[in-house]
Amino acid sequence: MSRPILDKIVSNKQLQKKSLAVLLDPDKVELNSFETFLYACAENRVDYFLVGGSLITKNIMGEMIVVIRQKTNIPVIIFPGNSLHIEPTADAILLLSLISGRNPDYLIGQHVIAAPLLKQSGLEILSTGYMLIDSGRQTTVSYISNTTPIPHDKADIAVCTAMAGEMLGQKLIYLDGGSGAMYPVSPKMIEKVSKNVSLPLIVGGGINSPEKATAALEAGADIIVIGNAFEKNPALLSEIAEAVQTFNLSIA
Ligand SMILES: CC(C)=CCC/C(C)=C/CC/C(C)=C/CC/C(C)=C/COP(=O)(O)OP(=O)(O)O
Ligand SMILES: O=P(O)(O)OC[C@@H](O)CO
Ligand SMILES: [Mg+2]
C-alpha cells in the first residue's frame with residue numbers, strides 16, 4: 001500500500017529537515033478570511049494542514065478541503081477527535097491512539113468503530129501514538145477524552161510511554177500540550193523522548209512564538225503544530241515559518 005505522506009515524514013527526519021503544520025479547527029475557521037490565510041500558508045511554505053478538533057459542531061470539513069485544494073497544494077491530514085471525524089477527501093488521517101491515557105475507548109474503541117469506514121475511505125492511515133502532556137490547565141482534549149495528561153516535569157514517563165508506543169508498532173509519536181496550552185511541552189521532555197525512540201516526533205500545544213518553535217525543533221521535534229497562535233495573530237505565521245526555515249538552513 002502506498003504511503004506517500006509517512007514516507008516523506010520519515011525521509012525528512014533522516015535528512016533532519018523540520019516541518020511546520022498548521023492546525024485548522026473547523027469550528028474556528030472564518031470563511032471570509034480563510035482564503036487569505038491559505039495563500040499566506042502557501043507563501044510561507046507550510047508543510048501540512050491538520051484539520052480537526054476534540055469537539056466539532058460544524059460539518060464543514062469537506063467544504064474546507066475544497067477551498068484548501070483550490071488555493072494550495074499543501075497536504076491535508078485529518079486530526080480527529082473521534083470516529084465521526086472522517087473526511088475521505090483529505091489526504092491522510094492521524095489515527096491517534098491516546099497512549100498517555102487509560103481510557104480504552106481512545107486506545108482502541110473508537111478505532112474499532114472507524115476501521116471499516118477508514119478502509120473504504122482510501123485515506124492514508126498514519127498510526128500515531130498520541131500523548132497528552134500537562135500544560136498548566138485542563139485542555140479540551142483531556143476533558144473530552146477523560147484522561148489524565150502526563151505531568152509536565154515527568155520526562156521519564158513520557159519516554160517510557162513513547163517507547164511502548166514504538167514497540168507496539170505506532171509510526172509517529174505526537175507530544176501534545178493540548179490546544180491553547182499555557183506553556184508548551186518542555187524542550188527537556190522533547191529531547192529525552194527523541195533520544196529514546198526513532199519515530200518521527202510531532203510536537204504541539206502552546207507554541208506561540210518563533211523562540212518556542214525553535215526550542216522545540218532544537219530539542220528534537222520533527223514537525224511542530226500550531227493552531228491558536230495563528231488564530232489570534234495570523235501575522236505570526238511568517239515569523240514562525242521563518243524560524244523553521246532558518247533552522248533547516250542551519251543544518252543543511
Ligand atoms: C478512530 C478515530 C477516527 C480517531 C481516534 C480518536 C482519538 C483516539 C482521539 C484522541 C483524543 C482526542 C479527543 C483528540 C483530539 C485532538 C485534537 C484534534 C485537538 C485539537 O484541539 P482542540 O482540543 O479541539 O482544542 P480547542 O479547545 O482549542 O478547540
Ligand atoms: O492550538 P495550539 O496551542 O497551537 O495547539 C496545536 C495542537 O497541538 C493542539 O492539538
Ligand atoms: Mg477545537
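Residues numbered from 1 in each chain as written. Chains lettered and ligands numbered in written order. Predicted model: local features only at pLDDT ≥ 70, side-chain atom pairs only at ≥ 80, totals over all residues. Heavy atoms only, no water.

Looking at an unreviewed UniProt entry, one finds the chain named Geranylgeranylglyceryl phosphate synthase and attributed to Emticicia aquatilis. Among the UniProt annotations of the chain, the heading Cofactor (unreviewed entry) holds the following wording: "Mg(2+)". The UniProt entry for the chain carries this comment under Catalytic activity (unreviewed entry): "sn-glycerol 1-phosphate + (2E,6E,10E)-geranylgeranyl diphosphate = sn-3-O-(geranylgeranyl)glycerol 1-phosphate + diphosphate". (UniProt positions renumbered as here; feature names shortened; annotations may be inferred.)

K.L.:
Help me understand the sheet that holds strand β4 (residues 92-98), please; the structure alone is not making it clear to me.
P.N.:
Through backbone hydrogen bonds, the strands of a sheet pair up, either in parallel or in antiparallel fashion. Pairing within the closed barrel is parallel, and its eight strands lie in the order β1-β2-β3-β4-β5-β6-β7-β8. Adjacent strand axes in the sheet meet at a mean angle of 30 degrees, parallel and antiparallel pairs treated alike. In terms of strand pairing, strand β6 (residues 172-176) meets strand β7 (residues 201-204) through four bridges, oriented parallel. Pairing of Ile173 across the sheet is with Leu201, part of β7. The sheet strands contacting helix α2 (residues 31-43) are β1 (19-24) and β2 (48-52), and the helix crosses β1 at an angle near 170 degrees. (Pairing = 2+ DSSP bridges. Helix = DSSP H or I, 4+ residues; strand = E, 2+ residues; numbered from the N terminus. Axes fitted to C-alpha atoms, helices over the stretch in contact; angles between N-to-C directions. Contact = heavy atoms within 4.5 Å.)

K.L.:
For this particular structure, what's the right way to read the site of ligand 2?
P.N.:
Around ligand 2, the structure places 14 residues, and the nearest of them are Asp176, Ser179, Gly180, Gly227 and Asn228. For ligand 2, an oxygen atom lies 2.8 Å from a polar atom in the backbone of Gly206. Here an oxygen atom of ligand 2 and a backbone polar atom of Gly227 are 2.8 Å apart. Counting only elements with at least two residues in the shell around ligand 2, the list comes to β6 and β8 (223-226). Taken together, the residues of the shell around ligand 2 break down into five nonpolar, eight polar and one charged. (Near = heavy atom within 4 Å. Polar contact = N/O pair within 3.5 Å; in protein donor to acceptor, adjacent residues only side chain to side chain. Nonpolar A, V, L, I, M, F, W, Y, C, P; charged D, E, K, R; others polar.)

K.L.:
Which parts of the structure should I look at to understand the UniProt feature "binding site: sn-glycerol 1-phosphate" (unreviewed entry) in the chain?
P.N.:
UniProt records the feature "binding site: sn-glycerol 1-phosphate" (unreviewed entry) at Tyr174, Leu175, Asp176, Gly177, Gly178, Ser179, Gly180, Gly205, Gly206, Gly227 and Asn228, using the numbering of this structure. Summarising the element assignment, Gly178 is placed in the loop between β6 and α7 (187-196). Overall, the relative accessible area of 0% leaves Gly178 in the buried class. Ignoring sequence-local partners within four residues, the contact set of Gly178 consists of Thr139, Val141, Gly204, Gly205 and Gly206. In this fold, Gly227 is placed in the loop between β8 and α9 (228-232). Exposure remark for Gly227: the relative accessible area of 12% places this residue in the buried category. (Buried < 20%, exposed > 50% of the residue type's maximum accessible area, 1.4 Å probe, protein only.)

K.L.:
It is not clear to me how the site of ligand 1 should be interpreted in this structure. Could you clarify?
P.N.:
Taken together, 23 residues sit near ligand 1, with Asp25, Lys28, Ser54, Thr140 and Ser179 positioned nearest. The separation between an oxygen atom of ligand 1 and a polar side-chain atom of Lys28 is 2.9 Å. One of the side-chain N or O atoms of Ser54 is found 2.4 Å from an oxygen atom in ligand 1. Within the complex, the protein chains bury 95% of what would otherwise be the 750 Å² of accessible surface of ligand 1. Going through the elements one at a time, β4, α4 (104-121) and α5 (140-145) are the ones with two or more residues in the shell around ligand 1. In terms of residues, the shell around ligand 1 owes the most to one element, α4, which gives four residues. Its residues assigned to classes, the shell around ligand 1 comprises 10 nonpolar, 11 polar and two charged. (Areas by Shrake-Rupley, 256 points an atom, 1.4 Å probe, with all protein chains shown as cover.)

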